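# Observations on chain architecture
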Amino acid sequence: MSMRIVIVGGVAAGMSAAARARRLDENAEIIVLERGDEVSFANCGLPYYVSGEIAERDSLLLQTPQSLRAALDLDVRIRNEVTGVDPATKTVTVRNDQGEHELSYDALILAPGATAVRPPIDGLDRRRVHTLRTVGDAVALRELADGGATRAVILGAGFIGLEAAEALRHQGLETTLVELGPHVLPPLEPELATLVTAELSRLGIDVRAGVAAQAIEPGDTHDTVVLADGTRVEADLIVLSVGVRPETSVFEAAGVACDNGAIIVDEYGRTNLSGIYAAGDAVVSTDATTGARRPVALAGPANRAGRQIADHIVRPERARPIPTAVGTAIVRVGELTAALTGANRASLDRAGIEFHTLHLHPTQHAGYYPGARQLAIVAHIHADDGRVLGAQAVGLDGVDKRIDVLATSIRAGFTVADLIDLDLAYSPIYGSAKDPINMLGMVGTNVLDGTLSLWYADAWEALRNQALILDVRRTDEFAAGHLPGALHVPHTQLRERLDEVRDAAAGRPVRVLCASGVRSHIANRVLLQAGFDSASLSGGMLTLRATLSDEVLVSGE
Ligand SMILES: Cc1cc2nc3c(=O)[nH]c(=O)nc-3n(C[C@H](O)[C@H](O)[C@H](O)COP(=O)(O)OP(=O)(O)OC[C@H]3O[C@@H](n4cnc5c(N)ncnc54)[C@H](O)[C@@H]3O)c2cc1C
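Residues numbered from 1 in each chain as written. Predicted model: local features only at pLDDT ≥ 70, side-chain atom pairs only at ≥ 80, totals over all residues. Heavy atoms only, no water.

### What to know about the overall build of the protein
Note the threshold: For helices the rule is a DSSP run of H or I covering at least 4 residues; for strands it is a run of E covering at least 2, with both sets numbered from the N terminus onward. Each radius of gyration is computed over the set of C-alpha atoms, and the globule rule expresses the reference value as 2.2 Å times the number of residues to the power 0.38. In this scheme, a residue with accessible area under 20% of its type's maximum is buried, one over 50% is exposed, and one in between is partly exposed, where area comes from a 1.4 Å probe on protein chains only. Throughout, a contact is declared for two residues whenever any of their heavy atoms are within 4.5 Å. Note on areas: Shrake-Rupley with a 1.4 Å probe; residue coverage comes only from the protein chains shown. Note that His is not counted, nor are the chain ends; the positive residues are Lys and Arg, and the negative ones are Asp and Glu. By convention, the charge on Lys lies at NZ, on Arg at CZ, on Asp at CG and on Glu at CD.
In terms of regular secondary structure, the protein is built from 17 helices and 32 strands. Taken against the 2.2 N^0.38 rule, which gives 24 Å for 557 residues, the C-alpha radius of gyration of the protein at 27 Å falls within 12% of a compact globule. Dimensions of the protein, computed from C-alpha atoms along their principal axes, come out at roughly 90 × 60 × 40 Å. Looking at the protein as a whole, 52% of its 557 residues qualify as buried. A fraction of 63% describes how many contacts in the protein between residues 6 or more apart in sequence connect residues 24 or more apart. Per element, the accessible surface of the protein, about 24,000 Å² overall, is 49% carbon and sulfur. Charge separation in the protein, taken as the distance between the mean sites of 51 positive and 71 negative side-chain charges, equals 2 Å.

Right under this line is the structure:
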């Protein structure tokens with residue numbers, strides 16, 4: 001008798017599992033139950049339908065039940081919601097427009113995804129409040145944008161919130177982006193988030209970070225979003241995107257073990273109940289670098305886990321374990337790209353892992369080739385062995401390539417020394433003979449072996465009275481803006497003016513800086529070898545300004 005595989009949820013993880021199971025087993029009966037109107041739709045493409053960049057709704061529909069029947073002989077049942085599971089009899093309860101019925105399974109794959117978090121904000125159930133999770137949601141937002149809406153408020157500046165804000169602004173709406181956390185894209189390091197905020201402002205998006213939305217007051221022609229600081233923002237439409245939570249209550253009620261609502265699975269996607277597997281946004285993942293356990297709402301891991309579960313069901317002897325989560329994500333914001341992989345400072349601190357942070361501002365390709373643009377890269381490396389723990393980058397070009405190499409490096413367990421040795425594709429149009437990744441390796445190994453001692457912009461307040469700040473930039477750069485009290489000695493003059501530095505330091509440590517950290521590294525080497533207690537500012541003035549803002553600077557010579 002053939003095996004019956006029942007799958008709950010017909011998008012990323014669920015449909016990957018279904019397709020793989022069929023490719024491995026022509027005889028299995030594969031039933032996909034999807035409560036929505038569509039299966040296999042492009043969730044990640046929804047914002048670009050809202051913006052109009054994807055013109056046709058049908059472009060979002062990658063498959064239909066009919067095409068999946070034809071190509072893969074799948075039994076895909078839309079508008080079929082699973083409302084219960086009985087693990088003892090191995091049946092699920094299914095509700096559709098004809099009522100409820102039971103369906104038995106040999107293997108059950110839970111891929112129900114996540115749902116938008118609904119925080120306790122008065123008026124959230126108003127009709128002008130939307131989410132962006134389904135094709136229907138995207139169609140509704142596009143219709144409003146096309147139909148004369150002029151003001152949008154986005155609640156939550158995570159990835160989906162940023163994409164929604166950009167899309168609605170692209171459609172010409174006055175757009176306000178509200179974020180409770182101190183800055184947009186909360187997982188991004190603050191010194192990079194500053195760059196994203198500046199780009200959002202350039203696009204004309206009004207960013208309100210560090211403030212909660214308190215209430216949505218209804219009105220006849222529009223609603224008003226009231227913020228905790230008393231600001232009132234009028235809106236024709238509101239997008240709720242403050243995060244997601246696993247959509248698992250039905251399964252938890254059936255005895256599937258969960259942690260904070262996310263299904264607990266082993267490395268083959270097995271839950272605690274025999275024959276029941278789970279994957280995607282609904283499950284707990286283990287973070288590859290910190291070991292923290294949390295759901296990871298990303299399409300790539302969901303698709304791959306679905307595929308691997310099908311392997312385990314159909315041919316367990318050859319199934320590969322599902323890996324721990326590196327967590328790599330990317331988003332376009334206007335002309336910028338922001339991307340991150342692995343752990344950030346906050347998650348490393350929580351895990352108690354000792355690390356060094358590196359800031360680099362290389363260009364995406366050879367500086368002499370036209371169009372060279374600076375990237376801002378932040379990387380965290382293990383303080384003992386130099387393993388790459390996490391990295392983030394923001395820039396106009398070349399961000400995706402670097403973050404993908406670093407994501408690969410984290411998966412491979414590479415150290416900064418390994419980064420030096422990577423042979424990456426190079427011609428002046430695409431990179432540099434020392435690619436930013438190689439440079440990261442060189443800076444990292446210098447830090448680990450003590451060749452380069454760093455100081456960080458956020459230490460400036462504490463340092464200003466205890467150290468001599470030595471600015472080694474050119475005179476015109478210094479005059480345009482420098483830290484108050486800094487001694488100015490261009491790095492080309494430093495060797496001749498060491499006595500002047502020694503006098504000014506008067507026994508205090510010297511903290512050197514330049515624009516990006518390249519010249520201060522040279523100066524720092526001179527000072528260290530001359531016996532100074534010296535350190536170079538990580539990321540230079542570019543990082544300092546992004547960390548502390550321009551207000552700390554004074555101008556003039
Ligand atoms: C607007 C948007 C943009 C995104 N952009 C990106 C991106 O650029 N990159 C990226 O990596 N990730 C992105 N994601 C996240 C990515 O789409 C998800 O991580 C991925 O789809 C999760 O896959 P999944 O199979 O777990 O859940 P989903 O793909 O969400 O599928 C779950 C399905 O299960 C159905 N379902 C739930 N409960 C039941 C039930 N009881 N019975 C029947 N059916 C049920 C739901 O209706 C849903 O269709 C984006 C998500 C959204 C919403």
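That was the structure; now back to the text.
### As for the sheet that holds strand S16 (residues 237-240)
So the rule is basically this: Paired strands, as defined in this entry, are two strands with at least two bridges between them according to DSSP. Comment: axis = line fitted to C-alpha atoms, over the contacting stretch for helices; angle = value between 0 and 180 degrees taken between N-to-C directions.
Ordered in space as S9-S16-S10-S11-S12, the 5 strands form an open sheet in which the pairing is parallel. Across the chains shown, the open sheet's two edge strands, defined by having one partner strand only, are strand S9 (129-130) and strand S12 (206-209). Judged from the 5 bridges that link them, strand S10 (residues 151-155) and strand S11 (residues 174-179) form a sheet pairing that is parallel. Bridging from a neighbouring strand, Ile 154 pairs with Leu 177 of S11. Contacting S10, S11 and S16, helix H5 (residues 159-170) crosses the sheet at an angle of about 165° to S11.

### What about the packing of aromatic side chains?
Each aromatic ring pair is specified by the distance between its two centres and by the angle formed by the two planes. We apply this condition: Under the pairing criterion, centres of Phe, Tyr and Trp rings, with the six-membered ring standing for Trp, must be within 6.5 Å; the plane angle then separates stacked pairs below 30 degrees from edge-to-face pairs above 60, leaving the rest tilted. Any Lys NZ or Arg CZ that is within 6 Å of a ring centre and within 35 degrees of that ring's normal is treated as a charge sitting over the ring.
If you walk through the whole model with that rule in mind, you get 0 aromatic pairs. In this structure, Arg 142 packs its charged tip against the face of Tyr 49, placed 4.1 Å from the ring centre.

### Here we look at the site of the ligand
Under the convention used in this document: It suffices for a single heavy atom of a residue to lie within 4 Å of a molecule or strand for the residue to be listed as near it. Pairing of N or O atoms within 3.5 Å defines a polar contact, subject to two protein rules: one partner must be a possible hydrogen donor and the other a possible acceptor, and residues neighboring in sequence count only if both atoms are side-chain atoms. Residues are grouped as follows: Ala, Val, Leu, Ile, Met, Phe, Trp, Tyr, Cys and Pro are nonpolar; Asp, Glu, Lys and Arg are charged; all remaining types, including Gly, are polar.
Around the ligand sit 28 residues, and of these Ala 13, Glu 34, Val 82, Asp 281 and Ala 299 come closest. A distance of 2.7 Å is found between an oxygen atom of the ligand and a side-chain nitrogen or oxygen belonging to Asp 281. For the ligand, whose unbound accessible area comes to 990 Å², protein coverage reaches 89%. Secondary structure elements with two or more residues in the shell around the ligand: helix H1 (12-24), strand S4 (81-86), H5 and helix H8 (299-314). Its residues placed into classes, the shell around the ligand shows 16 nonpolar, 5 polar and 7 charged.

### Comments concerning a nonpolar patch on the surface
Definition in use: Like-charged residues are merged into a patch within 9 Å and nonpolar side chains (Val, Leu, Ile, Met, Phe, Trp, Tyr) within 5 Å, provided each residue has over 30% relative accessible area and no salt bridge. Salt bridges are counted wherever a side-chain nitrogen of Lys or Arg sits within 4 Å of a carboxyl oxygen of Asp or Glu.
A surface patch of nonpolar side chains, about 580 Å² in accessible area, is lined by Tyr 368, Tyr 369, Tyr 426, Ile 429 and Tyr 430. Within the secondary structure, Tyr 369 is located in the loop between strand S25 (355-360) and strand S26 (376-382). For Tyr 369, a relative accessible area of 32% corresponds to the partly exposed category.

### Here's the deal with the pairing of strand S32 (residues 534-537)
Two faces make up the sheet, and in a regular strand the side chains alternate between them. The following threshold applies: Orient the strands so they point away from the viewer; a crossover is then right-handed if the path from the first strand over the helix to the second runs clockwise.
Here strand S28 (residues 454-455) pairs with S32 via 2 bridges, running parallel. Among the inter-strand pairings, Trp 455 is bridged to a residue of S32, identified as Leu 537. In this structure, strand S31 (residues 510-513) lies alongside S32, joined through 3 bridges in parallel fashion. Of the residues in S32, the one forming a bridge with Arg 511 is Ala 535. Between the parallel elements S31 and S32, the chain passes through helix H16 (residues 518-529) in a crossover that is right-handed.

### A look at the sheet that holds strand S7 (residues 107-110)
Strand order in the open sheet formed by 5 strands is S3-S2-S1-S7-S20, and the pairing between neighbours is parallel. For this open sheet the edge positions go to strand S3 (75-77) and strand S20 (276-278), each flanked by a neighbour on one side alone. Put simply, the sheet's adjacent strands are angled 15° from each other on average, direction ignored. Alignment of strand S2 (residues 29-33) against S3, held across 3 bridges, turns out to be parallel. Each bridged residue has a counterpart across the sheet, and for Val 32 the counterpart in S3 is Val 76. Against the sheet, H1 touches strand S1 (4-8), S2, S3 and S7, its axis set at about 170° to S2.

### Some words on the environment of Leu 483
Secondary-structure assignment places Leu 483 in the loop between helix H14 (475-480) and strand S30 (487-488). Excluding anything up to four places from it in sequence, Leu 483 contacts Trp 455, Trp 460, Ile 469, Leu 513, Met 541, Leu 544, Val 552, Leu 553 and Val 554.

### Quick notes on the side chain of Thr 175
Checked against the element boundaries, Thr 175 lands in strand S11. Classification of Thr 175 by relative accessible area gives buried; the value is 2%. For Thr 175, the residues in contact, after removing those within four places along its chain, are Ala 152, Ile 154, Ala 165, Leu 168, Arg 169, Gly 204, Ile 205 and Asp 206.

### Quick look at the pairing of strand S15 (residues 232-235)
Only one face of S15 is buried: it carries Val 233 and Ala 235, and the other face, with Arg 232 and Glu 234, is open. For strand S14 (residues 223-227) and S15, the ladder comprises 4 bridges, and the chain directions are antiparallel. By the bridge assignment, Asp 223 is partnered in S15 with Ala 235. Taking the residues that link successive antiparallel strands as the turn, the S14-S15 hairpin has 4 residues, and the phi of Gly 230 there is positive, at about 95°.

### Looking at H16
Note the following rule: Expected span of a helix: the number of residues minus one, times 1.5 Å. As used here, the arc is the angular range of directions from the helix axis to the C-beta atoms.
Look at H16: 17 Å from first C-alpha to last across 12 residues, which is about the 16 Å you get at 1.5 Å a residue. Buried within H16 we find Arg 519, Ser 520, Ala 523, Asn 524, Val 526 and Leu 527. In an axial view of H16, the angular spread of the buried residues amounts to 160°, which keeps them on one side of the axis. H16 presents Val 518 and Gln 529 as exposed residues on the side facing more than 90 degrees away from its buried surface. Downstream of H16 by one or two residues, Gly 531 has phi in the positive range, about 95°.

### What to know about unusual backbone geometry
Positive phi, normally seen in glycine, also occurs at Ser 40, with a value near 50°. On the secondary structure map, Ser 40 appears in the loop between S2 and helix H2 (46-50). The phi torsion at Ala 506 lies on the positive side, around 45°, for a residue other than glycine. Positionally, Ala 506 belongs in the loop between helix H15 (498-505) and S31. Taking relative accessible area as the criterion, Ala 506 reaches 62% and is therefore assigned exposed.

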